[in-house]
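What follows is each chain in one-letter form.
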Amino acid sequence: MKTFFKVITFLIILFPILSCSEDESTDQNLTPITSLSNVSPLNGPKGTEVTINGSNFGTNLNAISVFFNNIRASIQSFSDTEIKAIVPDGALTGFITIIVDGEELTGPEFTYEFTINVSTFAGDRLGFEEGNGTTAKFAAPKGIVADSFGNIYVADRGNFRVRKITPDGDVSTLVGNGSSGIQDGEGASARFVGAEQLTIDTSDNLYLTDESFGSIRKITPTGIVTTLIDGLSSPTGIVVDQSGNIFFADDHKVFKIDLNGTTSVLAGSDPGFADGVGVNAQFETLNQLTIDASGNIYGVDRENHRIRKITPEGVVTTIAGSTAGFADGAGISAQFNNPTGITIDAQNNLYISDSRNHKIRKITPNGNVSTLVGNEAGDVDGNKEIAQFNEPEAIAIDDQGNLFLTDLDNSKIRKISFE
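Quantities reported herein were computed from a predicted structural model and do not represent experimental measurements. Throughout, a residue's number is its position along its own chain's written sequence, starting from 1. With pLDDT at 70 or above as the cut-off, local features in this predicted model cover only qualifying residues; side-chain atom pairs require 80 or more to be listed or tallied, and sums for whole chains, interfaces and linings still use all residues. Only hydrogens and water are set aside when side-chain values are computed; all heavy atoms of the structure are taken into account.

(A) Molecular detail of the sheet that holds strand 27 (residues 297–301). Within the open sheet, the five strands sit side by side as 25-29-28-27-26. Their pairing is antiparallel. Only two strands of the sheet have a single partner each, and these edge strands are strand 25 (276–277) and strand 26 (286–291). Pairing between two strands requires that DSSP report at least two bridges joining them. Under the scheme used here, helices are H or I runs from DSSP no shorter than 4 residues and strands are E runs no shorter than 2 residues, and both carry numbers assigned from the N terminus. Sheet topology note: the strand 25/strand 29 (residues 315–321) ladder contains two bridges and is antiparallel. Across the sheet, the residue bridging to Val-277 is Val-315, located in strand 29.

(B) Local environment of the nonpolar core. Put simply, a nonpolar core is a bunch of buried Ala, Val, Leu, Ile, Met, Phe, Trp, Tyr and Cys residues held in one set by side-chain atoms that sit within 4.5 Å of each other. Burial classification: accessible surface area is computed with a 1.4 Å probe over protein chains only, and a residue below 20% of its type maximum counts as buried, one above 50% as exposed, and the rest as partly exposed. Counting residues in hydrophobic clusters, the biggest one holds 17 residues, and the most contacted among them are Val-50, Ile-52, Val-66, Phe-68, Ile-83, Ile-96 and Ile-98. Where this core is concerned, the elements lending two or more residues are strand 3 (49–55), strand 4 (64–68), strand 7 (82–86), strand 8 (94–100) and strand 9 (103–112). What makes two residues a contact is simply this: any of their non-hydrogen atoms within 4.5 Å. Among residues more than four places away in sequence, those in contact with Ile-98 are Leu-36, Ile-52, Ser-65, Val-66, Ile-83, Glu-103, Glu-104 and Leu-105. By size, the runner-up hydrophobic cluster in this structure holds 15 residues, among which are Ala-155, Ala-195, Ile-200 and Ile-219.

(C) Looking closely at the packing of aromatic side chains. The pairing test for Phe, Tyr and Trp rings, Trp by its six-membered ring, is centres within 6.5 Å, and the orientation test on the planes gives stacked under 30 degrees, edge-to-face over 60, and tilted for anything in between. Taken as a whole and judged by the stated rule, the model has five aromatic pairs. Between Tyr-112 and Phe-114 the ring centres are 5.4 Å apart and the planes differ by 80 degrees, which places this aromatic pair in the edge-to-face class. Between Phe-121 and Phe-404 the ring centres are 5.1 Å apart and the planes differ by 65 degrees, which places this aromatic pair in the edge-to-face class. Linking Phe-121 in strand 10 (residues 116–122) with Phe-404 in strand 37 (residues 403–407), this pair joins segments that are 283 residues apart in sequence. Of the two residues, Phe-121 and Phe-404, neither departs from the other in class, the shared state being buried. Connected via pairs of aromatic rings, a cluster forms that spans Tyr-112, Phe-114 and Phe-418. Above the face of the Phe-128 ring, Arg-161 is positioned so that its terminal group lies 3.8 Å from the ring centre. One Lys or Arg, Lys-359, reaches over the ring of Phe-326 and ends 4.8 Å from the middle of that ring. We count a charge as sitting over a ring when the NZ of a lysine or the CZ of an arginine lies within 6 Å of the ring centre and within 35 degrees of the ring normal.

Given below as structure tokens:
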């Protein structure tokens, strides 16, 4: 009996000791909570140093990762309460994520600001020359378009040719021989009179408006030229939708060639300016056209100094521009001066060659107009503060988001890249 009481007494004494030992062990194994308190700045281009403040980041660099919109950043310095990270190239706008010892924390959204750079992709001065980059020469380059392989095609109007530029900058003649004329055929046997604007279909067939000849010419990827339609007045802008329907501007109207080859007026009538439906709408001089994934067509109405939208049903509206001049702003409060080129990106932003203002303008889907790059007339490569053009004509975009334009009076092909 005495033995039993001794055991009970021992257990009573031991229990608090064990409990205390377990509590102390539990406290020692608790992981400090990692938290964020502040991130600054929340916008900037690649290379921006961003300071991330918080607590319990630890002291093991290998256990810390920082991501901007899922792209890993380099860490400049760190401590238990502060991380300095460098915004990576191409991060775009998105959330900041910090991972510490496998624990993921989502920070605020960082607005990525592109660094814009203008370079001469091909061409040097007026003339004709094949070659790479600036060893090549063009004469009054007009239309421009990119294919699915990143090749650029240029309607070299003054040389009566359509030129091809590879992604590496090698310039060659796809079709034409330098002689003005009207002739279908392959490669150098084909002849043109007034090569104006270009577009491309999903099979990489080119379509060219031969303005002086009054025709639409088709050019296969292998360089076979045929006349699709002739007898027109002076066709300029042209575009193809995803189904293969062709739309072109001629005689102050937008025409449609359907898959059966039937040509009809989609919108437009007499020269002038009026929004409306079908023939109730009026254009003055539509130059380059572009099209979005929904089949809406956008055109630069050059002499009306406006950017027009035409729906698949022929409803015409003005999305930006008013009288000749220069002003950024929303919708019709913005001003252009003889805009000639237009293209669209995957986010439905429009890019405009504002010819007489010697600038490239951007229009967001909500109609806000800003100046992307360019100032007074000139010929200068570089960043947005110093780059210059001299009457930029047509503009195109490749699948990497780079812009290419024909710099008419400089006889060059310029590239605008975003980093």
